[in-house]
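Listed here are the chains, written in short residue letters.
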Amino acid sequence: MTTHTTNPAKQEEFAGRMVQVLNDACLGHLCSLGHRARLFDTMAGLPPSTSDQIAVTTGLDERYVREWLGGMTVGGIVEYTPEDGTYRLPPEHAASLTRAAGPDNLASFMQDLALIGIVEDEVFQAFREGGGVPYSSYPRFQELQAEETARVYDAALIDAVIPLAPGLTERLREGIDSLDIGTGQGHAVNLLAKAFPNSRFRGVDISETGIAAARREAEGLGLQNVRFDVSDTAEVSGDYDLITAFDVIHDLARPAQVLASVAAALRDNGTFLMGDIDASSKLEENLDHPLGPALYTFSVFYCMTVSLGEGGAGLGTVWGRQTAQRMLAEVGFDDVTVRQVDGDILNVYYVARKKR
Ligand SMILES: C[S@@+](CC[C@H](N)C(=O)[O-])C[C@H]1O[C@@H](n2cnc3c(N)ncnc32)[C@H](O)[C@@H]1O
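Residues numbered from 1 in each chain as written. Predicted model: local features only at pLDDT ≥ 70, side-chain atom pairs only at ≥ 80, totals over all residues.

**Q** So what about the site of the ligand? Which residues, and what values?
**A** Of all residues adjacent to the ligand, which total 19 residues, the nearest are Thr 149, Gly 182, Gly 184, Thr 233 and Phe 246. Among the secondary structure elements, those contributing two or more residues to the shell around the ligand are helix H8 (141–161) and strand E4 (200–205). With 3 residues, H8 is the largest single contributor of residues to the shell around the ligand. When the residues that make up the shell around the ligand are grouped by side-chain class, the tally is 7 nonpolar, 8 polar and 4 charged. (Near = placed C-beta within 6 Å. Helix = DSSP H or I, 4+ residues; strand = E, 2+ residues; numbered from the N terminus. Nonpolar A, V, L, I, M, F, W, Y, C, P; charged D, E, K, R; others polar.)

Written out as structure tokens, the structure reads:
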């Protein structure tokens, strides 16, 4: 008979950690509200202020603001002075919580927590019955995704990501044909089209709301060299010098087929630039990943599950570098470099070419 001995100190320590998990998960939801209600942005510009002053400045209901401030205070995010009842957001904290922080704004990411909560019943059902969850079950997905990635593209796409491919900036300046698959709200494509007026850009996505937003932005910018289509990546064809896929391939139902179509649609000396999650394909190598739990959570609640919902491969968010490189090699990309850019905490970039 096996006897199970427990180590009381280990048990107590773990219980404490679980309490912290509960508290931090709750704080994540409060941070999401703080971002949406612009409470962090406002407080960053205020001297120590009362809940009344913060409510008036933000145009919010004081009772809600005060309760939110309570959570923020006991959670160590906001500082409180009981003598005069004022709250302060230290600049060191604002640096991770405000829109002004750009790619460093982690409060924006917290909005995903509420989004994935909406589908928990459907995900739970899939645990028991298999299958997945359709894209239509995720309201606000396109909006949140665009908000999260636009900050990175604004900061780094033209000056840091594109130069990862040797000579690409120069070719874009001269004029080439470029396609972005799974473009979402198309912000990356619009930035490229604006920066490189001699090149021709196309973005495709299955999301009608995503493509509608992409077209609106292009129109607002008066861009003549960009076109957006509602289209399935499974139908990628044509002749392109550059194909990009940002945070898309692991979500797809048929990633291998799409990668093969991408390889076939590239002209000689064409480049496939694939931004995807920075992780290892081996679980044991992700133990110290700073975003490890978040990545597996997003996978269970979205990336793996939307793919399985279409009867797909279900690669998952953490498909990792090794699997990505193997799949690129399998469709004929025999020259692949993997690079990172400062300020993008989520992704690595695969610069893939075929030697001909
Ligand atoms: C995680 S989002 C990335 C969006 C955008 N590239 C960005 O960086 O913000 C993945 C996108 O792939 C799109 N997508 C998923 N499956 C697709 C398919 N089969 N064909 C075209 N787009 C697809 C989704 O609608 C979604 O907009």
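On we go from here.
**Q** Tell me about the UniProt feature "domain: Methyltransferase" (unreviewed entry) in the chain, and please be specific about residues and values.
**A** Those places that UniProt annotates as "domain: Methyltransferase" (unreviewed entry) correspond, in this numbering, to residues 174–286. Split by type, residues 174–286 is 30% helix and 31% strand. Its first and last C-alpha atoms lie 41 Å apart. (UniProt positions renumbered as here; feature names shortened; annotations may be inferred.)

**Q** Tell me about helix H4 (residues 62–74), and please be specific about residues and values.
**A** Across its 13 residues, H4 extends 18 Å between first and last C-alpha, which sits within 8% of the 18 Å expected from 1.5 Å per residue. Every buried residue of H4 is listed here: Val 65, Trp 68, Leu 69 and Met 72. Buried residues in H4, looked at end-on, bunch into an arc of 105°, giving them a common side. Exposed and facing more than 90 degrees away from the buried side of H4 are Arg 63 and Val 74. The inward-facing, buried residues of H4 contact helix H1 (8–36), helix H2 (39–44), helix H3 (51–58) and strand E2 (86–88). (Expected span 1.5 Å × (residues − 1). Buried ≥ 20, exposed ≤ 12 C-beta atoms within 10 Å, placed from the backbone. Arc of directions from axis to C-beta. Contact = placed C-beta atoms within 7 Å.)

**Q** Now, about unusual backbone geometry: what can you tell me, with residues and values included?
**A** Located in the positive-phi region is Arg 140, a residue other than glycine, with phi close to 70°. With respect to the element layout, Arg 140 can be found in the loop between helix H7 (120–129) and H8. In this structure, Asn 269 takes a positive phi of about 65° despite not being glycine. Here Asn 269 lies in strand E7 (residues 266–277). Since 12 C-beta atoms lie within 10 Å of it, Asn 269 is described here as exposed.

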